[in-house]
Structures are given as C-alpha cells and as structure tokens.
Amino acid sequence: MNINSARLENFFTEMSTIGKIGETGTNRPAHSSEEKKAFELASSWMKQAGMTTKIDNFGNLIGKLEGKNPDLPVLVVGSHLDSQPYGGRYDGVAGVLCAIEAAITMHENGIQPERSLEIISFADEEGWRFNKGLFGSRGILGRLEEKELQRADANGITREQALKEFGCDVTKFKESEYKNGSIYCYLELHIEQGPVLDVGNKPIAVVSGISGPIWLTVKLKGMAGHAGSVPMPMRKDALVGASEIIVALNKIANQVPGNPTVGTCGTIKVFPASRNIIPEEVEFTLDLRDIDLERRNRYEKQLMNAIDEVAQKHGLSYEISEDWKSEPRYCADWIKNIIRNNCERIGLNDVPELMSGPFHDAMAISYACDYGMIFVRCKDGISHNPLEFSSPEDLALGAEVLYGTILDILDK
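Being a predicted model, the structure only gives us computed values, none of them experimental.

> Which parts of the structure should I look at to understand the overall build of the chain?
Tallying secondary structure elements over the chain gives twelve helices and 15 strands in all. The C-alpha atoms of the chain give a radius of gyration of 23 Å, which matches the 22 Å a tight globule of 412 residues would have. With the C-alpha coordinates of the chain rotated into their principal frame, the extents come out at 80 × 45 × 45 Å. Here the chain holds 412 residues, and 54% of them are scored as buried.

Written out as structure tokens, the structure reads:
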C-alpha cells in the first residue's frame, strides 16, 4: 500500500474532536467557527503535501499542488467538512481526508504532476442550516440562485452575515468563480450512506451516477375548529390531508418493486398545534429521487395529481414550492474504468457499481466537467447519525484507490 494508513486514521481521530457531540457524533454547521477550525486543521495537512491553501469568498477551503504546466485545466478532488446537526465522523470528511492523504503520498514520493491538483472542502454541502445545499460547489460555477444570501438560519442569521463573519467578501464572488473549461475533471470519495456494500461484504464500489432529486414544500390550509364539537364529515383537517399525501408518495415510490425510486417526507409543521384544535394549516417537505429521469417525471405528475385530489376531497387549499430539482447525473465511463483498474491493482475484484441516492458536490461539479466517485462501505448503511462508521481498513483501501486514480488522471 502506498498511502500511510496510520496517518490517515489519525487524521480522522483529530478531525472528530472538532464539533464533537457525545462519544462519536459531530455538529459542524456551514460557515461556523467549528467549520473554520476544521479548515485550519485540514489546511495544516494540505501544507504537508506542499500545497498552498486559501478560503475563497464562497467559504470553500482550497489546497493547490502546482503542476509543471499550470495553464492546463486542473484535476479537482473534494467533498465537505460541514456536517449534519446530529451527524457522524465520516460523511464528507472521508473524501477530504483521503484526498489529503493521497496528496501527501505524492509529495513524499517527489511526484510533481503535469497539471495542477486541487483539493476542495466545499462550503455547505449539507444544506440544513440555510435550507439550500451544495452552496460552495454551485458557487464556483456561478450557479447560485437569487436571494440565496438572504436565506436565514433558525437563529435569524442570514447566509450573507455568516459568510462575512467567516471572513468572506460576498461582493467578490466573481473572483472566486472558475472559468469555463478550467476544471479537467472531478473526483470524490464518499461513504456509501447505504447498506448495499455492508450486506454484500464489499469494501469499495464504483459509482455509476447520482439520482435526480425533487424537493418540494407543500402548504395545506383548512379550517380550525373545536376537536370535540365539529362533526367528522364537516371538517377541513389539513393534517389528515397531509397524511394522505405522504402515504400517496410512499405508494408512488413503491409501485414497482426493486426500482431505486425513493420518496420521503422529512419535516411537518402543524398550526395551531393544539391537541384540542383541528389542524388548520400544515407545511411539510417531500423528497422524490430517481436515477431514471423519465420515470421520476412520471412519478412527479402522479404526486401532483395526488396532492390536488386530496385537497379537493378535504376542502383544502394548497401551495407548492419547488426548493430543488436536478436531473440524474452520470459518472464518466473513462473515469469509472480508471477507478476499477485501480481496485484490481490492489486485489479488489468484482467491485460492484452502485448509483448514489444522496446528492453530493459531484452533482454540482458535473455541470462543468466529467466526474467519478468512489464509495466506501459504512457499517449497517448508517449515515447522518453519530453511529455512522467506516473502518480504518476500508478507508485506507478507498484512499489507495483514490491515490492510484489521481495519478492515472494526472498522467493524461
């Protein structure tokens, strides 16, 4: 093995102390002091690889290893160091730390590539603080939406305020954008966040693509009334309507057994939220994802029809806002082949190919260049949870595959 597995394990141990909750949990919000500390630590390791480091105006940490020909488009490798509020030690972190280990190994072996290598820890991949993710990876491509800086967190702090406190200049976003064609391709290592590898007793997978998500927020409005006196046939109960829509989404996603379609209701807000009052208004989120765009579009229409039918049935009015929508994004075959070849070099044969249900920074970067991803097994498929765990041995294998893939791509 070329990479130093003991050093890599120590990287994870040290990083896990920043934003630590409980014994194994992590809470590092985007653009926070905890994320800044994580950046400082990761930056110190990047410098061990001979990299120059900076934090750009989107809040991305960028380490750069200058190539012999700096005018060539760069190879970007990355992921993120922000976490869910009740997250684990490996989501996003694995991609950044394994990339840093690969760069240090290159430096120790005196390898200066022809084209430059950049490692990026992207800002706010998770999206929970300001309810909009992939901020840094969309930002560097000029793909931010209007009013994103005015989005506020639960404490009323806007993204603009948070970025300024982080040391970024929001008036200079253009200076931090990458020019068209300046990225050669993108690589990302990530824990699977699902159970397929663990059940199949496989440490590594080649990723085929990222499913396309639709995020909707639905508001249903009925009529409040006394829970004890309004007859059932006369009610306009918004929560009953919401419940039927949520069940309908579940049926839609399950209509063809074995398909990778998934549907989820993740949050519900009920007004006035009294046990003695019929719910007048309910706001809830729906998440529909599929790797097959035609099927997802068909299911989306079914969902919209279900919302309308339920609203009419219960005498409710409704509003639907589309918070996020992306088509599936497929990994480049030539990069998948390189990853697979590097798996075989270290004795990993019959490596599975898996699609990613979760989205990643790779989804945003895929609009600028070819991309590839490596999955590392996580115990019981648990993620977004302090119980999230990938073994040091599996992470070392992933880092070794990533190292070989980086070298092969830099050689092109």
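> Can you walk me through the packing of aromatic side chains in this structure?
Describing an aromatic ring pair means giving the distance of the ring centres and the angle of the ring planes. Using the criterion set out here, one finds eleven aromatic pairs in the structure. Each ring, one from Phe11 and one from Trp45, has its centre 4.2 Å from the other, and the planes form 25 degrees; the classification is stacked. Linking Phe11 in helix H1 (residues 5–15) with Trp45 in helix H2 (residues 33–48), this pair joins segments that are 34 residues apart in sequence. With respect to class, Phe11 is no different from Trp45; both count as buried. Relative to Phe135, the ring of Phe58 lies with its centre 6.2 Å away and its plane at 70 degrees, an arrangement referred to as edge-to-face. With Phe58 in the loop between strand E3 (52–55) and strand E4 (61–65) and Phe135 in helix H4 (residues 135–139), this residue pair connects regions lying 77 residues apart in the sequence. Given a relative accessible area of 1%, Phe58 falls into the buried group. According to the relative accessible area criterion, Phe135 is buried, its value standing at 0%. Members of the aromatic cluster, connected to one another through ring pairs, are Phe12, Tyr90 and Phe389. In this structure, Lys36 is placed above the aromatic ring of Phe166, and the distance from its NZ or CZ to the ring centre is 4.7 Å. The positively charged end of Arg115 is found above the aromatic ring belonging to Tyr184, 3.7 Å away from the centroid.

> Sorry if this is basic, but what is going on with the side chain of Asp323 here?
If you trace the backbone, Asp323 turns up in strand E12 (residues 317–325). It is Arg151 that comes nearest to the buried, bridge-free Asp323 among opposite-charge side chains, at 5.5 Å. The contacts of Asp323, once residues within four sequence positions are left out, are Lys132, Trp215, Leu216 and Thr217.

> What exactly am I supposed to notice about empty space enclosed by the protein here?
Any empty space left between the atoms is revealed when a probe the size of a water molecule rolls over them. Tallied over the full model, the rule gives one cavity of 30 Å³ or more. Around the largest cavity, the lining residues are Asp82, Ser83, Gln84, Gly87, Gly88, Asp91, Glu126, His384 and Glu388. Each residue belonging to the lining of the largest cavity can be placed in one class, and the counts come to no nonpolar, five polar and four charged.

> I tried to follow the pairing of strand E11 (residues 281–290) on my own but got confused; where do I start?
Regular strands place their side chains on alternate faces of the sheet. Extensive coverage of E11 is indicated by the burial of seven of its ten residues. Of the strand pairs in this sheet, strand E9 (residues 212–221) and E11 are connected by ten bridges, and their pairing is antiparallel. When the sheet's bridge partners are listed, Leu216 is paired in E11 with Leu286. Judged from the eight bridges that link them, strand E10 (residues 262–271) and E11 form a sheet pairing that is antiparallel.

Basis of the calculations
- Residues numbered from 1 in each chain as written.
- Predicted model: local features only at pLDDT ≥ 70, side-chain atom pairs only at ≥ 80, totals over all residues.
- Heavy atoms only, no water.
- Helix = DSSP H or I, 4+ residues; strand = E, 2+ residues; numbered from the N terminus.
- Rg over C-alpha atoms; globule rule 2.2 N^0.38 Å.
- Buried < 20%, exposed > 50% of the residue type's maximum accessible area, 1.4 Å probe, protein only.
- Phe/Tyr/Trp six-rings, centres within 6.5 Å; stacked < 30°, edge-to-face > 60°.
- Lys NZ or Arg CZ within 6 Å of the ring centre and 35° of its normal.
- Lys, Arg positive; Asp, Glu negative; His and termini not counted.
- Salt bridge = Lys/Arg side-chain N within 4 Å of Asp/Glu carboxyl O.
- Contact = heavy atoms within 4.5 Å.
- 1 Å grid on protein atoms, 1.4 Å probe; cavity = no way out; pocket = protein on both sides within 12 Å on 5 of 7 lines; lining within 4 Å.
- Points joined across faces, edges and corners; volume = space filled by probe spheres on them.
- Nonpolar A, V, L, I, M, F, W, Y, C, P; charged D, E, K, R; others polar.
- Pairing = 2+ DSSP bridges.

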